[in-house]
Structures are given as structure tokens and as C-alpha cells.
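Each chain, written out:
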There are 2 protein chains.
Amino acid sequence: MELRQLRSLVALEESGFNVTAAAQRLHLVQSAVSQHLTRLEDELGTELFMRQGKRLTGLTEAGRQVLYYARKTLADCDNILAIGREHVEEATGTLRIATTHTQAVYVLPPLIREFRQRYPQVKLEIQQGTPEQLVEMALHDQVDFSVCTEAVKEIPGITAVTCYRWNRSLIAPLGHPALTAKPFSLGEICDYPLITYVFGFSGASQFRNSFARLGLEPDVVLSAVDTDVIKTYVREGLGLGLIASLAYSDTHDADLGRRDLSGLFPWELTRVVYKSDKYLRKYEEVFIDLLQTRIADDGKYVEGS
Amino acid sequence: MELRQLRSLVALEESGFNVTAAAQRLHLVQSAVSQHLTRLEDELGTELFMRQGKRLTGLTEAGRQVLYYARKTLADCDNILAIGREHVEEATGTLRIATTHTQAVYVLPPLIREFRQRYPQVKLEIQQGTPEQLVEMALHDQVDFSVCTEAVKEIPGITAVTCYRWNRSLIAPLGHPALTAKPFSLGEICDYPLITYVFGFSGASQFRNSFARLGLEPDVVLSAVDTDVIKTYVREGLGLGLIASLAYSDTHDADLGRRDLSGLFPWELTRVVYKSDKYLRKYEEVFIDLLQTRIADDGKYVEGS
DNA sequence: ACTCCTTACGGAGCACGTAACTATA
DNA sequence: TATAGTTACGTGCTCCGTAAGGAGT
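Residues numbered from 1 in each chain as written. Chains lettered and ligands numbered in written order. Predicted model: local features only at pLDDT ≥ 70, side-chain atom pairs only at ≥ 80, totals over all residues. Heavy atoms only, no water.

**Section: the protein's contact with DNA strand C**
And step 1. Taken together, 19 residues surround DNA strand C, and among them A:Thr20, A:Ser34, A:Arg55, B:Arg4 and B:His36 come closest.
And step 2. When atoms of DNA strand C within 4 Å of the protein are sorted by moiety, sugar and phosphate together comprise 73%.
And step 3. Between DNA strand C and the protein, one listed contact pairs a phosphate oxygen with a backbone N or O atom of A:Val19 at 2.9 Å.
And step 4. Residue B:His36 places a side-chain N or O atom 2.4 Å away from a phosphate oxygen belonging to DNA strand C.
And step 5. Among the elements of the structure, α2 (19–25) and α3 (30–44) of chain A together with α3 (30–44) of chain B are those that each provide at least two residues to the surface near DNA strand C.
And step 6. For the surface near DNA strand C, the element with the highest residue contribution is α3(B), accounting for four residues.
And step 7. Across the surface near DNA strand C, the residue classes break down as four nonpolar, nine polar and six charged. (Near = heavy atom within 4 Å. Polar contact = N/O pair within 3.5 Å; in protein donor to acceptor, adjacent residues only side chain to side chain. Helix = DSSP H or I, 4+ residues; strand = E, 2+ residues; numbered from the N terminus. Nonpolar A, V, L, I, M, F, W, Y, C, P; charged D, E, K, R; others polar.)

**So, the protein's contact with DNA strand D**
And step 1. Surrounding DNA strand D, one finds 19 residues, the nearest of these being A:Arg4, A:Ser31, A:His36, B:Thr20 and B:Ser34.
And step 2. Sugar and phosphate atoms represent 67% of those atoms of DNA strand D found within 4 Å of the protein.
And step 3. Between A:Val29 and DNA strand D, the recorded distance is 3.1 Å, taken from a backbone N or O atom to a phosphate oxygen.
And step 4. Take the surface near DNA strand D: its biggest share by element is four residues, from α3(A).

**So, the packing of aromatic side chains**
And step 1. Taken as a whole and assessed by the stated rule, the structure comprises 20 aromatic pairs over all chains.
And step 2. Centroid distance A:Phe207 to A:Phe265: 5.5 Å. Interplanar angle 20°. Geometry classified as stacked. Of this pair, A:Phe207 sits in helix α8 (residues 204–213) while A:Phe265 sits in the loop between β11 (256–260) and β12 (268–275); the two residues are 58 residues apart in sequence, bridging distant segments of the chain.
And step 3. The interplanar angle of 85° and the centroid separation of 4.8 Å between the aromatic rings of B:Tyr68 and B:Tyr69 together place this pair among those described as edge-to-face.
And step 4. For B:Tyr69, a relative accessible area of 7% gives the class buried.
And step 5. The aromatic ring of A:Phe184 is capped on one face by A:Arg259, whose charged end is 4.2 Å from the ring centroid.
And step 6. Positioned over the ring face of B:Trp267 is B:Arg165, at 3.8 Å from the centre of the ring. (Phe/Tyr/Trp six-rings, centres within 6.5 Å; stacked < 30°, edge-to-face > 60°. Buried < 20%, exposed > 50% of the residue type's maximum accessible area, 1.4 Å probe, protein only. Lys NZ or Arg CZ within 6 Å of the ring centre and 35° of its normal.)

**Quick word on the relation of the copies chain B and chain A**
And step 1. Its rotation angle being 180°, the transformation that places chain B on chain A also includes 0.1 Å of axial translation and leaves an RMSD of 0.2 Å. One copy is carried onto the other by what is essentially a two-fold rotation axis. Ranked by how close their C-alpha atoms come to the rotation axis, the residues of chain B are headed by B:Thr73, at 2.4 Å.
And step 2. Mapped onto chain A, 100% of the interface residues of chain B again fall at the interface, so both copies present the same surface. (Least-squares fit on C-alpha atoms with pLDDT ≥ 70 in both. Contact = heavy atoms within 4.5 Å.)

**Examining the domain arrangement of chain A**
All names here are of chain A.
And step 1. The domains assigned to chain A are domain 1 (3–84), domain 2 (89–165 + 268–294) and domain 3 (168–260).
And step 2. Distance between the C-alpha centres of domain 1 and domain 2: 29 Å.
And step 3. The interface is formed by five residues belonging to domain 1 together with six residues belonging to domain 2.
And step 4. In total, about 510 Å² of surface goes out of reach between domain 1 and domain 2, with carbon and sulfur atoms giving 49% of it.
And step 5. Counting the surface domain 1 buries against domain 2, the share from its top three residues, Asn79, Ala82 and Ile83, is 57%.
And step 6. In this assembly, domain 1 and domain 2 are joined by two residue pairs in polar contact (both at pLDDT 80 or more).
And step 7. Residues belonging to the side of domain 1 that touches domain 2 are distributed by class as follows: three nonpolar, one polar and one charged. (Domains from an automatic or database assignment. Buried area = accessible area lost by both parts, 1.4 Å probe.)

**A look at unusual backbone geometry**
In most cases, non-glycine residues show a negative phi, while peptide bonds are predominantly trans.
And step 1. Following A:Lys182, the chain continues into A:Pro183 via a peptide bond in cis, with omega recorded as -5°.
And step 2. Within the secondary structure, A:Pro183 is located in the loop between β7 (168–173) and α7 (186–189).
And step 3. A positive phi angle, close to 60°, is found at A:Asp141, a residue other than glycine.
And step 4. Structurally, the position occupied by A:Asp141 is in the loop between α6 (131–139) and β5 (145–148).
And step 5. A positive phi angle, near 60°, is found at B:Phe17, a position not held by glycine.
And step 6. Here B:Phe17 is to be found in the loop between α1 (3–14) and α2 (19–26).

**Some details on helix α10 (residues 282–293) of chain A**
Residues and elements named next belong to chain A.
And step 1. Helix length check: α10 (12 residues) gives 16 Å between terminal C-alpha atoms against 16 Å at 1.5 Å per residue, within 8%.
And step 2. Listing the buried residues of α10 in full gives Tyr283, Glu284, Val286, Phe287, Ile288, Leu290 and Leu291.
And step 3. Looking at the buried side of α10, the elements it contacts are β3 (93–99), α5 (101–118), β4 (122–128), β5, β6 (158–166) and β12. (Expected span 1.5 Å × (residues − 1).)

Spelled out as C-alpha cells, the structure:
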């Protein structure tokens, strides 16, 4: 059995069982990939693919099982190559992160500044996606790790390390009564039209639960995936904004008042997730360490020790 | 990077860094293995081996890391081949089990009889070892799984499934007062010289703890790894035997009396352990299922449903 | 007619074995 | 001197690419 054959198998599946496309992905000609696949089938002695005539249409049960282990095998080979790179030049490479818009814009910048000072030779790639996509990207080796705000279920094969916690703030145009009214509780919030994150983003499910537990139903007139959209419509006067505190900027959002609501909602946890069997390069560990040590409860950057 | 190179790396380590021996293990000549290793080093761009002149003496840090992932890679390749075999001929192959003497002699026979009826084409290999060795054998792919009586610590990468529980009995020559005396407790047991398992075997640590918790110190005059040795010396009149109940045979041990002690000691758990990422063939699952369903609390075989 | 996969064939490269050389104990 | 590892070199295999042949849509 050869690694090439496994690579062709994986590429085939990722190309929708189009051998030609798989070959292109691998920078080979079709016939080469075709040979890999038939050789693999021959060697295992069993059909891996469903066929309609000559066309491949999907995997058999055996094929699915083999694919699973083929992915694992190739991932470990990648890990070995990463070890090589790590020991050749510890401080060069590419760091690929996936996260949500809000994290990318409001949390990562100072961390990345510090990281780049320490590792000027490491290139950075920041992908964005929904919380579900973030986990998928980490699982499929499209990124080195993902920074997830939504609580990640325990997924086998995925390691999740908690980095920092955060809570919510209310934002409104300056002078809005909700900014100063006392007492203030979830009940009062429901008196106003609200703008917050769409379901699935930034702990929106915990958010809903907080109200539901008290039998309240918030009047969310608009929801968005990223904080900038929320702010925009708060400025328009469409309603109160409920955002992650860390997404409020003293300088850029001076025209908006902010009221901390940490007492009203449970704390949310931001986690870094990556495949459990992934080899972590030094600079990857350093970046995760920054995520764990540099973010205060209010989302502010804390100078390094 | 090629699988051959990884195989050579693993073989080298398992041969005590003797390239010649590694080559023999792989049915290759030295020079081939030598090339694999240098190629691997070249490709990774870093030294994997400690050297004294030309001789290899050990691994560098990078080498250790690479070895770890090389083992994983090769294990997954083996899994792929196993999937092939499974789908070619579901009912043929080899089942390699490791366990202790007592399990092999007193528990497995009826299971193996039933298993062989169902899978007459599957060859069986039973290895023996100390509880520590059993886990090692499963980890190093020397066996498909191990049947462990000693409580297995949670080891990452190892899956342990509980199969059955067992407890202890006292054995003594017929007519011995300890067989019938009432009341009977750990205290009374300490009045007699005892013969039982050596530390590390068959829950010996729990055994010690049971006494220690009451401030008692049993007078163990002889300890052995397997039950047959214990029985032999009980027959000699050297002392009372404390054995796993499942190791007492009504037919062969009719000259010895038995007294159940389940009330005096905690129940021990017998577990099957195997590498978490191991692909389980159908007949392997069947065997584990037999272990889980066919053994009663007294160690007797329960007819299939 | 077009796309897609397989099979046949040829060349280039490489992996393994033999063997000579070098270094360690 | 015996043992162990590296390097050099030749052979045979195999892997990839070109190209022709079926098979499906």
C-alpha cells in the first residue's frame, strides 16, 4: 500500500468522485489516479467504490471505512512533515486560524501584533465562518485551529482548550434611558426592541435561554452575524444592541453608550479547537498561550508579563 | 515521504538502533534501511538520530516526535489492510489475545469453544503476560486486544471495555475449619497462613487494601502469578488459598473445599483493552461480546441466548 | 458529440541488492 | 580483527505520462 493511493482516494472523495478533478487537485493525470485506485482496490481485495459502468459514484461500506483511516494516515504524515519544519526553522511557516468576524476584528488584532513581533517570519491566514464551519475547518485540516465563541460540544477527536471568558454589554445612542435606568434586569431589556447576534453566533443559544428561563421573550427586531452590523443599526435608532463587551471600542464607538450586563447573563467561554492528534508547532502553542493569557474579562488586551 | 521510511524508523527503534537487525526484521539488506533513514532525515531536514561516529545510538527530540507519528501512521495502514481482509473474507483471519494465565485456563475455554464454532476459520493466538505487559502488547500491536483483570488506569489512546466482574473464594483441603467456621471475616482469615496472587496480578492491590483499611495484615506465606501454583501449595497444606472464584473447578478441585468470599472484598472488573483507533473486525467484536455476556458473577459460563 | 474512465505502452526514476570502503569496539 | 554503517553502482520494477479505446450522458 502506498501513500499516493490514499491521497488519490481522499482527493477523489473531495472531488465528488470525479477522477479527472481529483487528478488535477493532485497535479497528476487521470490515468495515474485511476491506477492508484484500482491498485488499492486490488490490494485490499474488495470493491471500494460504487460504480455505474465505468463512472465512480460513491463509496461502498469498505470504502468509507478505508477513507476514514486514509485521512488519519495522511494527517499523521503531515504532522511528521510539520515536525521537520519545526526543527529546521522554528520561527517560520504559516499559521492558519479560523474564527468569527467579531473575534477577528475586536480580539485578535493586539494578539497578532504581539505574535508578529515574536515571529515576524510566520505568515498568517485568517479564515472566517459560522461556528459550525469553524469546527469543520479544524477537522478537515483547512486551518491549524479555530477560535470558537459558541460552546463546542465534546466532539471525539477534537481538543478544545478554554482561552478566555466574555459577557455582554448593551449599547445604545448616547442619552438613551436604558443606559442609566435603575433597576435594570432582563425584564427591562424586553421593554425595548433589540438587535443582537443570529442564532448560532456568539452564544446566542445561551442568550435565548437566559430569557426563556424567566418566561421572558425578548423583542429581537434584527439579528446579524457580526457586531459591526449590529452597531450600524443601533446608530440608526432601530433598537438596543446586545453585543459581546469585547466588541465595544472606547475610541471608535464614542457615539454609543455602553452598559455592562455581566450580571444578567452567564459567562461565555471562547475556546481554541484543533484535531486531538495534531502536532502543535511551537509558534502555534505560543499563539494559543496568548489567547489564554492576554484577554481580560472585559475583552481588553493585557500587556504581556 | 514513504511508508517504507517510517517502517525502517520504527524497526530501528525496536531493534535497539541496530540498522542490521532492523533490516533483518524488515527482510531487507542494511543498505536499504540505511537509505530509508538518511532519506527521511534529508526530507525532514533535521537530524533524527543521535550518532557516535557512524553508529546510531538513539533518537533526537525530533526523532522521538517523528517516531510517535510514524507508529500512528503505520497502525492506520494496518487498519486499512484489516478492513480489506474483513470485506474479503469476514470469517477468516487470526485473533490474537493476551491475558493472564488464570483467564486463559479458567475463563476463556468455553468462550473459545463457542467462538470457534461460529468462526472455524479464524486462527487463535493466546499470549500471556503480566498485567503491565498485557497493556503494552495491546499498545504495540503485538495482539489485537488484551483481557485484563487488574484495574487498568485510564491511558490515553487505549479503550477499555468492562466485560465481567469477579470476586474471591477461599480454598482449603476438605474438612479445614476455615471452610465452615462462623462468623467469618477478614479478621479470621488473618489467623491462617495464606497463599494468593503476587502483587500486580488479579487485583492484588485491592486485595491488600481491603485488609489495610481495617488495620489488618494478612500472613501471605506464598504468592504466585497463577492459580494452579496456589492450588498446589494449598493441597500441600501450606495455607489457605485466596483465589478468583472463577478459577475453582467443581470437577478438578473436588479434593479442595471452597468458600465464597464475595461479601468481604470489592468486586474486581475484567476489561478488554485495545488501542482506541484500532479497526475492530467483526469477529473481534463478537469475541468481546462473548466476554461481556457469557461470564456470570461466579465465573461460570452462561449458555448463549 | 462530449465527458469520463480504463487499458496499453514507453521512458524515467528509484528502490533494492551486491559489493567495496570506512569507522567503531 | 570483527562488527556495523555508508557510499557506489547496476538491475529490475513501478510510477507517471501519452495516447488509444470503451462507456455513459
